[in-house]
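Chain by chain, the residues run as shown.
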Amino acid sequence: MLENTDLDQIWFVVSPQNPFKKSKALLHEFDRYEIVQRAINDNYNFKVCDAEFHLPRPSYTIDTLTYLQEKHKDHEFALIIGEDNLVQFPQWKNYDKILEYFSLYVYPRPGSQSNDLKNHSKVKMVPAPILDISATYIRECVKNKKSIRYLVPEAVENYIVQKGFYISIK
């Protein structure tokens, strides 16, 4: 996304509780923060962000974006989502306010449904290379004892193995 847009930096916001996901299915927020930190620490244009750790839960994107914009007035924030999330976007809390005050950059996903939001003035469909690798796929590989080498940075792979994440017990 950084190479295919006008964005200067990408902040990876780790969410303690996504309203669309069950918290029991997630790794602890500090472990997810550490994984993101290990994944991006060699790129100065990337930053891991714990803003949602300080906000009420569950985390709503409009609240996070408002918080970040108020706290970092010298930055202009936008939101990046996968094209597969664009269909569900109208279900997000105050999605219309997100589109009123922030730009929405959409990463292409194979097999995504068509959506009228693609034509919204604040929605930017990004012509980026499609990498069909998901977190779900990576977790399944670990669970099934398949290699995730080349799918994640070595530091992330080492942390997952060290902590024993996603291993199924039979």
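Located above this text is the structure these notes cover.
Here is what the cut-offs are and how they apply
- Residues numbered from 1 in each chain as written.
- Predicted model: local features only at pLDDT ≥ 70, side-chain atom pairs only at ≥ 80, totals over all residues.
- Heavy atoms only, no water.
- Core = buried A, V, L, I, M, F, W, Y, C linked by side-chain atoms within 4.5 Å.
- Buried < 20%, exposed > 50% of the residue type's maximum accessible area, 1.4 Å probe, protein only.
- Helix = DSSP H or I, 4+ residues; strand = E, 2+ residues; numbered from the N terminus.
- Contact = heavy atoms within 4.5 Å.
- Phe/Tyr/Trp six-rings, centres within 6.5 Å; stacked < 30°, edge-to-face > 60°.
- Lys NZ or Arg CZ within 6 Å of the ring centre and 35° of its normal.
- Pairing = 2+ DSSP bridges.
- Axes fitted to C-alpha atoms, helices over the stretch in contact; angles between N-to-C directions.
- Arc of directions from axis to C-beta.
- Salt bridge = Lys/Arg side-chain N within 4 Å of Asp/Glu carboxyl O.

A. Geometry of the nonpolar core. By size, the foremost hydrophobic cluster in this structure holds 19 residues, and its most contacted members are L79, I81, F89, I98 and L104. Within the residue set of this core, elements represented by two or more residues are α2 (61-71), β3 (78-82), α4 (95-101) and β4 (103-107). With 3 residues, the top contributor of residues to this core is α2. Apart from residues lying up to four places away in sequence, I98 is in contact with T61, I62, L65, L79, F89, W92 and K93. With 11 residues, the next largest nonpolar core counts C141, I148, Y159 and I160 among its residues.

B. Layout of the environment of P108. Mapping P108 onto the fold places it in the loop between β4 and β5 (123-125). P108 sits 55 residues away from F53 along the chain, and the two C-alpha atoms are 29 Å apart. Ignoring anything within four residues of it in the chain, the contact list for P108 reads E83, V126, A128 and I130.

C. Spatial organisation of the environment of E34. Counting through the fold element by element, E34 comes out in helix α1 (residues 29-40). Classification of E34 by relative accessible area gives partly exposed; the value is 27%. For the pair E34 and L2, spaced 32 residues apart in sequence, the C-alpha to C-alpha distance is 22 Å.

D. Summary view of the packing of aromatic side chains. Enumeration according to the criterion identifies 8 aromatic pairs in this entry. A centroid spacing of 6.1 Å and a plane angle of 55° characterise the contact between F165 and Y166, whose relative ring orientation is tilted. Owing to a relative accessible area of 10%, F165 belongs among the buried residues under this scheme. By relative accessible area, which is 26% here, Y166 ends up partly exposed. The rings of F30, Y33 and F53 are connected pair by pair, giving a single aromatic cluster. We note K47 situated over the ring of W11; from NZ or CZ to the ring centre the distance is 3.9 Å.

E. Fine view of the sheet that holds β4. Strand order across the open sheet formed by 3 strands is β3-β4-β5, with parallel pairing between neighbours. The strands lining the two open edges of the sheet, one partner per strand, are β3 and β5. Strand after strand, the sheet turns through a mean of 25° between neighbouring axes, direction not considered.

F. Layout of helix α5 (residues 135-143). Within α5, burial applies to I138, C141 and V142. Angularly, the buried residues of α5 cover 95° about the axis, an arc narrow enough to put them on a single face. Where α5 is buried, its residues touch α6 (154-163). Two residues or fewer after α5 comes K145, characterised by a positive phi angle close to 60°.

G. View of the pattern of salt bridges. Here the structure, examined in full by the defined rule, presents 7 salt bridges. Between R38 and E34 there is a salt bridge whose closest N-O contact spans 2.8 Å. Linking R38 with E34, this pair stays in helix α1, spanning 4 residues, or about one helical turn. For R38, a relative accessible area of 26% gives the class partly exposed. D84 serves as the salt-bridge partner of R109, at 3.3 Å between the closest nitrogen and oxygen. Placement of the pair is R109 in the loop between β4 and β5 and D84 in helix α3 (residues 83-86), with a sequence separation of 25 residues. R109 sits in the partly exposed class, given a relative accessible area of 29%. With a relative accessible area of 40%, D84 lands in the partly exposed category.

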